[in-house]
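Now for the letters of each chain:
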Amino acid sequence: MSKLALLGGQPVRTTPFPAYVTAGAEEKEAAALVIDSGVLSRYLGCWHEQFYGGTEVQALEQEWAAYYGVKHAIAVNSCTSGLICALGAIGLSPGDEVIVTPWSMSISATGPLFYGGIPVFADLEPDYFCLSPASVEERISPRTKAIVVVDIFGQPYDAEAINAIARKHGIPVIEDCAQAPGVRLNGRYAGTLGDVGVFSLNYHKHIHCGEGGVIVTDSDSLAERLQLIRNHAEAVVAGKGTPDLTNMLGYNFRMTELDAALTRCQLKKLAPLLEIRQRNVAYLENGLKEIPCLTIPAVRLGAEHAYYVHACRYDAEEAGITSRRFVEAVKAELPTFHLREKEGTKLGAGYVQPLYLLPMFQQRIAIGNQGWPFTLTSRTYARGLCPVCEDLYEHSVITHEFMLPSMDKSDMDDVVKAFHKVWENRDELR
Ligand SMILES: *Cc1c(COP(=O)(O)O)cnc(C)c1O
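Residues numbered from 1 in each chain as written. Predicted model: local features only at pLDDT ≥ 70, side-chain atom pairs only at ≥ 80, totals over all residues. Heavy atoms only, no water.

If you check an unreviewed UniProt entry, the chain appears there as Putative PLP-dependent enzyme possibly involved in cell wall biogenesis from Desulfocurvibacter africanus PCS. Under the UniProt heading Sequence similarities (unreviewed entry), the note attached to the chain is "Belongs to the DegT/DnrJ/EryC1 family." (UniProt positions renumbered as here; feature names shortened; annotations may be inferred.)

Colleague: In this structure, what is going on with the packing of helix H1 (residues 25–37) against helix H9 (residues 257–288)? I would like to understand it.
Modeller: Each packed pair of helices is defined by two parameters, the angle between the axes and the distance between the axes. Axis separation between H1 and H9 bottoms out at 9 Å; the angle between their running directions is 155°. Overall, the two elements H1 and H9 adopt an arrangement that is roughly antiparallel. When you trace H1 past H9, the crossing you get is right-handed. Touching Glu-26, Glu-27, Ala-30, Ala-31, Val-34 and Ile-35 of H1 are Glu-257, Leu-258, Ala-261, Leu-262, Cys-265, Gln-266 and Lys-269, all from H9. Its residues assigned to classes, the contact of H1 with H9 shows eight nonpolar, one polar and four charged. (Axes fitted to C-alpha atoms, helices over the stretch in contact; angles between N-to-C directions. Helix = DSSP H or I, 4+ residues; strand = E, 2+ residues; numbered from the N terminus. Parallel < 35°, antiparallel > 145°, perpendicular 65-115°, else oblique. Left-handed = near helix turned anticlockwise from the far one by under 90°. Contact = heavy atoms within 4.5 Å. Nonpolar A, V, L, I, M, F, W, Y, C, P; charged D, E, K, R; others polar.)

Colleague: I would appreciate a short explanation of the domain arrangement of the chain in the present structure.
Modeller: Much of the literature gives interface size as the accessible area that the parts lose upon coming together. Under the domain assignment, the chain is made up of domain 1 (25–268) and domain 2 (271–353 + 386–429). One C-alpha centre belongs to domain 1, the other to domain 2; they are set 29 Å apart. Summing the contributions of domain 1 and of domain 2, the shared interface buries around 3000 Å²; its carbon and sulfur component is 57%. If you sort the residues of domain 1 by the area they bury against domain 2, Trp-103, Phe-153 and His-206 come out on top, with a joint share of 25%. Across the salt bridge formed by Glu-125 and Arg-300, the nearest N and O atoms sit 2.8 Å from each other. (Domains from an automatic or database assignment. Buried area = accessible area lost by both parts, 1.4 Å probe. Salt bridge = Lys/Arg side-chain N within 4 Å of Asp/Glu carboxyl O.)

Colleague: In this structure, what is going on with helix H14 (residues 409–424)? I would like to understand it.
Modeller: Working note: α-helix, 3.6 residues per turn, so residues spaced by three or four point in the same direction. Between its first and last C-alpha, H14 extends 22 Å over 16 residues, near the 22 Å set by a 1.5 Å rise per residue. Where the residues of H14 are buried, they touch H9, strand E10 (294–295), helix H10 (316–319), helix H11 (323–333), strand E12 (347–349) and strand E13 (397–400). (Expected span 1.5 Å × (residues − 1).)

Colleague: Please explain the environment of Pro-181 as it appears in this structure.
Modeller: Here Pro-181 is to be found in the loop between strand E5 (173–176) and strand E6 (184–185). Each C-alpha atom, one on Pro-181 and one on Ala-306, is 6.9 Å from the other, the two residues being 125 residues apart in sequence. If we skip the residues at most four places from it in the chain, Pro-181 touches Tyr-68, Phe-199, His-206, Leu-270, Leu-274 and Ala-306.

Colleague: Teacher, can you tell me more about the pairing of strand E11 (residues 310–314) here?
Modeller: The two faces of the sheet receive side chains in turn, since in a regular strand these alternate between them. Counting buried residues along E11, four of its five residues qualify, which places the element largely inside the surrounding structure. Looking at chain direction, E10 and E11 are connected through two bridges and run antiparallel. When the sheet's bridge partners are listed, Leu-294 is paired in E11 with Tyr-314. With four bridges joining them, E11 and E13 adopt antiparallel strand pairing. (Buried < 20%, exposed > 50% of the residue type's maximum accessible area, 1.4 Å probe, protein only. Pairing = 2+ DSSP bridges.)

Colleague: Can you walk me through the sheet that holds E10 in this structure?
Modeller: Strand order across the open sheet formed by four strands is E10-E11-E13-E12, with antiparallel pairing between neighbours. Here the strands that pair on one side only, and so sit at the sheet edges, are E10 and E12. Here three bridges tie E12 to E13, and the two strands are oriented antiparallel to one another. Looking at E13, one finds that Gly-348 is bridged to Thr-399. Lying over the sheet, H11 contacts E11, E12 and E13, oriented at roughly 165° with respect to E12.

Colleague: Got a minute to help me understand the UniProt feature "modified residue: N6-(pyridoxal phosphate)lysine" (unreviewed entry) in the chain in this structure?
Modeller: As annotated in UniProt, the feature "modified residue: N6-(pyridoxal phosphate)lysine" (unreviewed entry) corresponds to Lys-205 in the numbering used here. Residue placement: Lys-205 occurs in the loop between strand E8 (196–200) and strand E9 (213–217). In this structure, Lys-205 is in contact with Ala-178, Gln-179, Ser-200 and Tyr-308, ignoring residues within four places of it in sequence.

Colleague: Would you take a moment to explain unusual backbone geometry for this structure?
Modeller: Negative phi values dominate among residues other than glycine, just as trans dominates among peptide bonds. Cis geometry marks the peptide bond from Trp-372 to Pro-373; its omega dihedral reads 0°. Position of Pro-373 among the secondary structure elements: in the loop between helix H12 (359–363) and helix H13 (387–396). A positive phi angle, near 70°, is found at Phe-129, a position not held by glycine. Along the chain, Phe-129 turns up in the loop between strand E3 (118–121) and helix H5 (133–139). Phi is positive for Leu-339, close to 75°, though the residue is something other than glycine. Inspection of the secondary structure puts Leu-339 in the loop between H11 and E12. Take Leu-339: its relative accessible area is 54%, and that puts it in the exposed class.

Colleague: What is the right way to look at the nonpolar core in this model?
Modeller: For soluble globular proteins, the rule of thumb is that nonpolar side chains tend to be buried together. Core analysis: the largest hydrophobic core is formed by 139 residues, its most contacted members being Trp-64, Phe-121, Ile-147, Leu-294, Phe-326, Phe-402 and Phe-419. Among the elements that line this core, the one with the most residues is H9, at nine residues. Each of domain 1 (25–268) and domain 2 (271–353 + 386–429) contributes no fewer than three residues to this core. (Core = buried A, V, L, I, M, F, W, Y, C linked by side-chain atoms within 4.5 Å.)

Colleague: Is there a simple way to think about the site of the ligand in this case?
Modeller: Contacts to the ligand come from 15 residues, most closely from Thr-80, Asp-176, Ser-200, Asn-202 and Lys-205. In this structure, an oxygen atom belonging to the ligand sits 2.6 Å away from a side-chain N or O atom of Thr-80. Of all the secondary structure elements, the ones that give two or more residues to the shell around the ligand are helix H3 (79–89) and helix H4 (107–110). Taken together, the residues that form the shell around the ligand break down as five nonpolar, eight polar and two charged. (Near = heavy atom within 4 Å. Polar contact = N/O pair within 3.5 Å; in protein donor to acceptor, adjacent residues only side chain to side chain.)

Laid out in structure tokens, this is it:
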């Protein structure tokens, strides 16, 4: 009779973990005020006072800029649209190369393609999982126009080293800080470490309004172009008197008044929510560190970690089973989160496959069906491009979200119990 739930034994727990819900009475009241005002959005796509949006959007932008200590915050309707704005605003042109990470949400790497730019993948730091400065340096070419860094899992990138490379080559750093709101590296907030930072407010993030994003920058000229691309630049430039038309083909990336009102409430909750995550991680690590095949994630010197996910290194040799088998077994011991049942047990092996293995890169089909913009480059996307990332994905990392702020100590005790149970009975899985 086997002990492990995966093989028919009794699971550690079946009652769902408590729901993680960030919005409550404050958000309801703020939303009601917007609805009662009758103005759900106040944007005009022409050069007009309302080019910059309504009162909630502008209040959010002021509060966000003050919180992060930056000159400009620009609200958009997702981090995806924010990254596209940022790549347009720096003047990206067809054939320009942008150094990107292979291990992130896809848009962190695919953004340049919208402007005909070429994503060039650099490899990762094996302990921190962010872009490796040495690999970035190695991928720089005369065509490199920017570096898109990601504060992956909530860990700030190596700003000192990567910013130095960028400065040396006179190119900007765009920081995708979707997973790292409210944490600092040597006293400076992630998101403000590069030239432009982009936050996400989607449902999965630390704080959210359903779907949304905010871009931050200290540059007046970048801010102006970001605002233009957000809101129909092509119809605004003549009235506004913008002489440089580079990428002044705009979108509707505008945030609604409702989303801005919700986000203003959420921003006030960020610090306390982060603190609970960090406290929960410390509690979980205390139990998980005893498991010989796991290494709790290293935190960069001088950095705080936002723990969007808790990514542990996994030693398959030590365990004698693959990361996927191990994860499968722990998953069988644990329940889903209430209200997120469909998302499954919040535990996985490998995070995402290296992004250059997506069909788009393998078949070199992105815009249209004639290979644009890959026809502009001799760069290739074969397996083996980023060996550290491939090893992390295939063998060496497991990620989970059992640090969500709805978890209490007894919930987390069940998590630790499940990991120990699988470790102790791993022979059943061989
Ligand atoms: C969530 C996420 C995004 C995309 O955010 P959206 O707001 O959904 O567009 C981009 N990059 C990273 C690293 C993310 O985690």
